[in-house]
Amino acid sequence: MNTIIRRLRTRKGARRYISNQLSVVEFFRELDVRGVNYVVLRWYEKLPEIDPGEDIDILIADNDLPNVVSLLEGRRSKHQPVDLYSETGLDGTTFKDIPYYTPRIAKDILDRSVRWNGLCRVPNPRDAFLSLAYHVVYHKGLASNVPIKRGAQRTSYEYKDHDYVTILADKAAIAGISLKPAEINLEYLHDFLGKVDWRPPIDTLTKLAPHNAWLKAIISEEEDKLAEHLTGLACFIVRDRGVYLLPRIRETLEKYGYDILWEAPLSNADAKVVQSHVCGGVWSRGSWPVNGGEPAHLIMAYDVFPISPHDGDMAKHPGLNNRRLLEAKEGLRSLYNHDRLPKELCNIVQSSDNGTQALQYLRLIAPQLEETLNKKVYQIHQRHQSPFPILSEFGGLSRRAKVYLIKYGDQTAVLKMFRTGRERFMEREIAAREIGKPLMNMSEILEIGENYLVLKRYRSSDRLSWMRVPGINRRGYIRPIYLKEIRKILLHFCKSGYDWIDFRPDDLILDKKEGLKALDFEFIQISSEESNNLNKCLALFPPSDDFKGELPIDFSLSVFYPYESLLRPRTGVPVELFLRDTSVWHLTLAQTVSLVRKTVPWTIARLRTWFRASRLRSRLWNIAHRIAD
């Protein structure tokens, strides 16, 4: 089976061709001999005759895939085409990279199939109507030439392969379903499939929407109904293999900026509901070596400061409205995978892609909680509204606080709004400025609110850095005179018994009038002992294993050396020089040497590229001359 899957992964679609030595009749006879559980989904009425250009659409059970692919090794130009779809959407047997039908529906179609004219297996009359309606609404959409709503004109697509309205009416009559051609439209069929529990889950509809303009409009309309304060709502579903990590999962979600609103283990009955109606009904291992297990625990969480996703993120994850979801899922999965062999990796958590999906998931398990959670989210959202006019937002991950440029009286200022439950970071900001009062480098607090700080706005100067070289050292090195000031600030905190953890050069600004200012102190904490040097400063060195304080998520997920990772690319000097009270001249020399070491390999590499290109051009020129002669 694994060999078959590897072969199918090289295919881009479900299209196959019946092998050379088999006719259509012989192909179906061989399926019966091999005991394959399959159905021909539609257009089987004329079989074994097939109209020119038509294919055979076949749905098969996952376990029978190896028994079928060996019969479908024909060539495109010579043999009968077959579109092969598997029960759960195994690689190479999908529609737009998702299962053709949701696995629950696919299994029902297979289990209830009947024989047709002694030739092949087909859906029973009711399933034949429903599966074709599903195909028309969710796969074809406007391309089916079915009216959008009652009384509307049919769509005007040039490619009309079948008269779906008439065919659906005929199949409905055979199935004993009262349905006139005039009643058949996309909206009616969409509602009808919902009533008989044949409508795909919301996350599946969202993945189909980019390929179906009508469905995309329906999804957009549904998402537009979502209240603004619910945009950051998310549902995380922990799978069996991740349940033992729940305490760390909660902690990690909090570090990424989520507030947990409600959570509960899933009973066997609830797990089956989630399994059928979430993630398209597919809970296999997917692209991971190991299956993460069945859905086991549901967590409703809220991000009051969602981040707009990039275009690339939305292309990979249709419906995504918060980039933090991807970041959080990657962090949660790494809790399980970070110390495992490649063959042991698995996906322990799934999630909604947006607030609309999160609400749909909640309604599956605890619909009675929707109103309560809605009120709770609204209260959190209101608590984080700015009391001042907002002029713009600053970028950043906003895991602990969101930063805005505001109008503050007759001046502009910076508002730092802290998330609920993260007030400790605000308290550290205030404490750091008290500790740093003897210095002239602390940014000024203009106002302290319940969950916010208003900070003085400084005008940045580009003189903080120098030795900028495009392609080699784009951001440049911090000038030696300011390196000495930075050392002085860090040393002052160490002597005061504090560590400025997570210090980064971006936490500094050089004001045109007031000089160097330090801006961000969210992780400044009391150190184990006062120190007159920087040898144990946690702004420069990693904490010891017995460190009891709080670390950023970056420190928690990897072996981290702050100076080499964060500071040296901007200081350009070894840590030994930074630790000492080195003269400006020596720092300048060290930065120059560092830049030369970067420049020489880069220059050599460019010259090699140019030389190879020159030789190639010369050869092509000579060949052209020979041909001309």
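Before reading on, note that the structure itself is shown above.
If you're wondering where the values come from, they're calculated on a predicted model, not measured in any experiment.

Undergrad: Summarise a negative patch on the surface; cite the residues concerned and give the values.
TA: There is a patch of like negative charges on the surface, built from Glu187, Glu221, Glu222 and Asp224. With 3 residues, the top contributor of residues to the negative patch is helix α9 (residues 213-224). Mapped onto the elements of the fold, Glu187 is located in helix α7 (residues 186-195). Residue classification places Glu187 among the partly exposed positions, given a relative accessible area of 33%.

Undergrad: Explain helix α10 (residues 246-256) to me, and be specific about the residues and the numbers.
TA: Within α10, the full set of buried residues consists of Leu246, Ile249, Thr252, Leu253, Lys255 and Tyr256. Gly257 sits one or two residues past α10 and shows a positive phi near 110 degrees.

Undergrad: Before we move on, can you summarise the side chain of Lys329 with the specific residues and values?
TA: Tracing the backbone through its elements, the reader meets Lys329 in helix α13 (residues 323-337). No salt bridge is formed by the buried Lys329, whose closest oppositely charged neighbour, Asp353, lies at an N-O distance of 4.3 Å. Ignoring sequence-local partners within four residues, the contact set of Lys329 consists of Phe236, Val349, Gln350, Ser351 and Asp353.

Undergrad: So what's going on with the sheet that holds strand β4 (residues 81-86)? Which residues, and what values?
TA: Spatial ordering of the open sheet is given by β1-β4-β3-β2, a layout of 4 strands whose pairing is mixed. What marks the edges here is a single partner per strand, and that holds for β1 (15-17) and β2 (38-40). On average, each strand axis in the sheet is inclined to that of its neighbour by 35 degrees, with strand direction left out of account. Sheet topology note: the strand β3 (residues 56-60)/β4 ladder contains 5 bridges and is parallel. Bridging from a neighbouring strand, Asp57 pairs with Asp83 of β4.

Undergrad: Run through the packing of helix α5 (residues 125-140) against helix α6 (residues 164-174), naming residues and quoting values.
TA: It is the contact of α5 with α6, at a shortest axis distance of 8 Å, that shows an interaxial angle of 155 degrees. Judged on the interaxial angle alone, α6 and α5 are roughly antiparallel. Remark: the crossing between α5 and α6 carries left-handed chirality. Between α5 and α6, the residues in contact are Pro125, Ala128, Phe129, Leu132, Ala133, His135, Val136 and Lys140 and Tyr164, Ile167, Leu168, Lys171, Ala172 and Ile174, respectively. Partitioned by chemical class, the residues of the contact of α5 with α6 number 11 nonpolar, 1 polar and 2 charged.

Conventions and cut-offs
- Residues numbered from 1 in each chain as written.
- Predicted model: local features only at pLDDT ≥ 70, side-chain atom pairs only at ≥ 80, totals over all residues.
- Heavy atoms only, no water.
- Patch = residues over 30% accessible without salt bridge, like charges linked within 9 Å, V, L, I, M, F, W, Y side chains within 5 Å.
- Areas by Shrake-Rupley, 256 points an atom, 1.4 Å probe, with all protein chains shown as cover.
- Salt bridge = Lys/Arg side-chain N within 4 Å of Asp/Glu carboxyl O.
- Lys, Arg positive; Asp, Glu negative; His and termini not counted.
- Charge placed at Lys NZ, Arg CZ, Asp CG, Glu CD.
- Helix = DSSP H or I, 4+ residues; strand = E, 2+ residues; numbered from the N terminus.
- Buried < 20%, exposed > 50% of the residue type's maximum accessible area, 1.4 Å probe, protein only.
- Contact = heavy atoms within 4.5 Å.
- Pairing = 2+ DSSP bridges.
- Axes fitted to C-alpha atoms, helices over the stretch in contact; angles between N-to-C directions.
- Parallel < 35°, antiparallel > 145°, perpendicular 65-115°, else oblique.
- Left-handed = near helix turned anticlockwise from the far one by under 90°.
- Nonpolar A, V, L, I, M, F, W, Y, C, P; charged D, E, K, R; others polar.

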